[in-house]
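These are the residues of each chain, in order.
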2 protein chains.
Amino acid sequence: MRLISSVNEMMAWAKEQRRVGHTIGLVPTMGYLHEGHLTLMRRAKENCEKVVVSIFVNPLQFGAGEDYEEYPRDLTRDSQLADSAGVDVIFAPAVKDMYPKGYSSFVEVEQVSDHLCGAARPGHFRGVTTVVSKLFNIVRPDIAFFGQKDAQQLAIIRRMVEDLNMGIAIVGVPIVREADGLALSSRNVYLSPEERKAALVLSQSLKKAKELIAEGEGEAERIRQEIIKVIEAEPLANIDYVQIVDNRFIQPVERLEGECLIALAVRFGKTRLIDNLVMEVSPNDSHDA
Amino acid sequence: MRLISSVNEMMAWAKEQRRVGHTIGLVPTMGYLHEGHLTLMRRAKENCEKVVVSIFVNPLQFGAGEDYEEYPRDLTRDSQLADSAGVDVIFAPAVKDMYPKGYSSFVEVEQVSDHLCGAARPGHFRGVTTVVSKLFNIVRPDIAFFGQKDAQQLAIIRRMVEDLNMGIAIVGVPIVREADGLALSSRNVYLSPEERKAALVLSQSLKKAKELIAEGEGEAERIRQEIIKVIEAEPLANIDYVQIVDNRFIQPVERLEGECLIALAVRFGKTRLIDNLVMEVSPNDSHDA
């Protein structure tokens, strides 16, 4: 496995791969890799001849007062993990090379970024789409792999690629969870033992929602209130949002129909965690209780 | 020469050219081609094995009350002209295919778009950078050719390509003028005979500025006032802006030094024309008069 930090070297490597006819898979990450990331890498390895993992804690997607400085970093450990997953290149550029003096260009996706984390973290997705555009241009992958954990991010990137004719296939990979249900996240290291335990309400509340829908509940607000009830029973949990939206344009729905996304953001102490559930609901599945 | 209107067909054609190792030059235009465009095409033909000319009157770069509807269009004549210049493909997509229902993604360049036409036409350059990003992704040219006539547009596109790592060489081609000095523009057809004559003050005022600089004038405001004097002597001319900026970040300068851009936008009746002059001024060239 090769570790590349230079943008030009990364472009040259990718160009050479294309020249010899290799397909390239890209897994963009902020590092501090966990089993969720490794699942993306293995999926990329199955689908592409060469796999690039980018590791870049992108300052542009952190707001004032967010955890940019504290975000966990460990390139040595990340390199070993990526190597073990069969990755060909880790691309870990420096901030000053990604955003040199005078940097002024941004990519924005409207509408899909109106709600959920787009509303809670102003500028966040503009930072994401800008850095992902740069990574796409530098690596020019055939396929890029993103976790379903960041459901809104995935929807935004799908829209950006389609709108801007990027010609890259986007693959969303299901959430990887601990045995007890907690969705994997690099931010889980921030949790105290008590918070770690309390955070189980996220997956538990989604499980409750799933059961309600299976029983025929189709009204979004009723499901939402049940989720809130589960989370609020946990004293350490502070809800940022609980929302039910369509999974393409991420707009609130009143009734569950088609591909819906139930998305949560909840704080435990200073740590903000997200989780979600995507449900394909046919009109016949749901009826008033 | 081939005429392509489908985005997918254009992508497939360009991909095949890359596969067989051809370099591709792109000349983005809004059509109604004139000698300025043809100069770009011939330049592209000299530098690239295949040349694509896009013809697309981009609604996104026209503001409310601007001339989107009236903008002159003549695809038959454009095709003949492009063919005669050795162009391989005209790419003329439909608006509904470039901006389908639900379209939400935009590319923006800050700072470089603060002044001149960026200030006079809010949203204009966001429309330009968005459509050019799409065209770049669809065609993936090795080199793209733009007229120096739209000096700020050229500076913005250079910055976008550098910032977003697009890996495309940008070539700026000097302004082509009529024998009497009027810069070629598709909008010149709007001018009445009297306005056409009055519009000569644009190139005349720039000539005056050039003389002053040759005589050693280095203070931007003095040059600016002389330009304004020449233009205001023409009763049919209404100044939109006269500004002197650095040619890279398009920020106003007090003294001419390095590569400077003198840029004008002036209305004649309903028609808004632009013209400009780029000067490389070394500190020794200019001194107080």
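Residues numbered from 1 in each chain as written. Chains lettered and ligands numbered in written order. Predicted model: local features only at pLDDT ≥ 70, side-chain atom pairs only at ≥ 80, totals over all residues. Heavy atoms only, no water.

### Some remarks on the overall build of chain A
Helix and strand content of chain A: 10 helices and 10 strands. Compactness check: chain A gives a C-alpha radius of gyration of 19 Å against a globular reference of 19 Å for 289 residues, within 12% of the reference. Seen along its three principal axes, the alpha-carbon backbone of chain A occupies a region of about 60 × 40 × 40 Å. Out of the 289 residues belonging to chain A, those deemed buried represent 56%. (Helix = DSSP H or I, 4+ residues; strand = E, 2+ residues; numbered from the N terminus. Rg over C-alpha atoms; globule rule 2.2 N^0.38 Å. Buried < 20%, exposed > 50% of the residue type's maximum accessible area, 1.4 Å probe, protein only.)

### What to know about the confidence of the model for chain A
The predicted coordinates ought not to be read in detail in places where the model reports low pLDDT. For chain A, per-residue confidence averages 96 on the pLDDT scale, and residues scoring 70 or more make up 98% of the total. Both scores are given for the predicted complex: the pTM is 0.96, the ipTM 0.95. (pLDDT = per-residue confidence, 0-100.)

### Examining the sheet that holds strand β3 (residues 50-55) of chain A
Residue and element names in this part refer to chain A. Taking strand neighbours across the sheet as the criterion, the six strands line up as β1-β4-β3-β2-β6-β7 in an open arrangement whose pairing is parallel. Only two strands of the sheet have a single neighbouring strand rather than two, namely β1 (2-4) and β7 (169-173). Across the sheet, the mean angle separating the axes of adjacent strands is 25° when strand polarity is ignored. In the sheet, β3 pairs with strand β4 (residues 89-91) via three bridges, with the strands oriented parallel. Bridge pairing in β4 links valine 53 to isoleucine 90. Against the sheet, helix α6 (residues 124-139) contacts β2 (24-29), β3, β4, β6 (143-147) and β7, and its axis sits at roughly 150° relative to β2. (Pairing = 2+ DSSP bridges. Axes fitted to C-alpha atoms, helices over the stretch in contact; angles between N-to-C directions. Contact = heavy atoms within 4.5 Å.)

### So, the packing of helix α9 (residues 200-214) of chain A against helix α10 (residues 220-232) of chain A
Residues and elements named next belong to chain A. Orientation of α9 relative to α10, taken along the N-to-C sense of each, is 150°, at an axis distance of 9 Å. As summarised for this structure, α9 and α10 are arranged roughly antiparallel, according to the angle between their axes. As for how α9 packs across α10, the hand of that crossing is right-handed. Side by side, α9 and α10 meet where Val201, Gln204, Ser205, Lys208, Ala209, Leu212 and Ile213 of the first sit next to Ile223, Glu226, Ile227, Val230 and Ile231 of the second. Residue classes in the contact of α9 with α10 are distributed as eight nonpolar, two polar and two charged. (Parallel < 35°, antiparallel > 145°, perpendicular 65-115°, else oblique. Left-handed = near helix turned anticlockwise from the far one by under 90°. Nonpolar A, V, L, I, M, F, W, Y, C, P; charged D, E, K, R; others polar.)

### Some words on the relation of the copies chain B and chain A
Note on the identical chains: chain B maps onto chain A by a rotation of 180° and an axial translation of 0.0 Å, with an RMSD of 0.0 Å. Such a combination of rotation and displacement between the chain copies is what one expects of a two-fold axis. Residue B:Val107 of chain B places its C-alpha closer to the rotation axis than any other residue of that unit, at 2.2 Å. (Least-squares fit on C-alpha atoms with pLDDT ≥ 70 in both.)

### Regarding the UniProt feature "binding site: (R)-pantoate" (unreviewed entry) in chain A
All names here are of chain A. The UniProt entry lists Gln61 and Gln153 under the feature "binding site: (R)-pantoate" (unreviewed entry), expressed in the numbering used here. A compact arrangement is adopted by the annotated residues: their sequence extent is 93 residues, whereas the largest C-alpha distance between any two is 11.5 Å. Locating glutamine 61 in the fold gives a position in the loop between β3 and α3 (75-84). Since its relative accessible area comes to 10%, glutamine 61 is described here as buried. Reaching out from glutamine 61, the side chain makes a polar contact with the side chain of asparagine 58 at a distance of 2.9 Å. Tracing the sequence through the fold places glutamine 153 in helix α7 (residues 151-163). When neighbours within four sequence positions are excluded, glutamine 153 is seen to be in contact with Phe125, Val128 and Phe146. (UniProt positions renumbered as here; feature names shortened; annotations may be inferred. Polar contact = N/O pair within 3.5 Å; in protein donor to acceptor, adjacent residues only side chain to side chain.)

### Section: the sheet that holds strand β10 (residues 271-281) of chain B
Residues and elements named next belong to chain B. Judged by pairing direction, the sheet is antiparallel, and its three strands sit side by side in the order β8-β9-β10 without closing on themselves. Whereas interior strands pair on both sides, the edge strands pair on one side only; in this sheet they are β8 (237-246) and β10. On average, adjacent strands in this sheet sit at an angle of 15° to one another, irrespective of strand direction. Direction of pairing for β8 relative to strand β9 (residues 258-268): antiparallel, over a ladder of nine bridges.

### Let's talk about unusual backbone geometry
Positioned with a positive phi, A:Ile250 is a non-glycine residue whose angle comes to about 55°. Summarising the element assignment, A:Ile250 is placed in the loop between β8 (237-246) and β9 (258-268). Assessed through its relative accessible area of 0%, A:Ile250 is described here as buried. Despite not being glycine, B:Asn165 shows a phi value in the positive range, around 55°. Residue position: B:Asn165 is located in the loop between α7 (151-163) and β7 (169-173). Overall, the relative accessible area of 10% leaves B:Asn165 in the buried class.

### Section: the interface of chain B and chain A
Counting residues at the interface gives 27 residues for chain B and 27 residues for chain A. The contact between chain B and chain A buries some 2,500 Å² in all, and 42% of this surface belongs to carbon and sulfur atoms. In terms of surface lost to chain A, no three residues of chain B exceed B:Arg140, B:Leu164 and B:Asn165, which account for 24% of the buried area on that side. At the boundary of chain B with chain A, the tally comes to four salt bridges. When the shortest N-O distance is used, the salt bridge between A:Arg126 and B:Glu110 registers 3.0 Å. Joining chain B to chain A, the criterion identifies 21 residue pairs in polar contact (both at pLDDT 80 or more). (Buried area = accessible area lost by both parts, 1.4 Å probe. Salt bridge = Lys/Arg side-chain N within 4 Å of Asp/Glu carboxyl O.)

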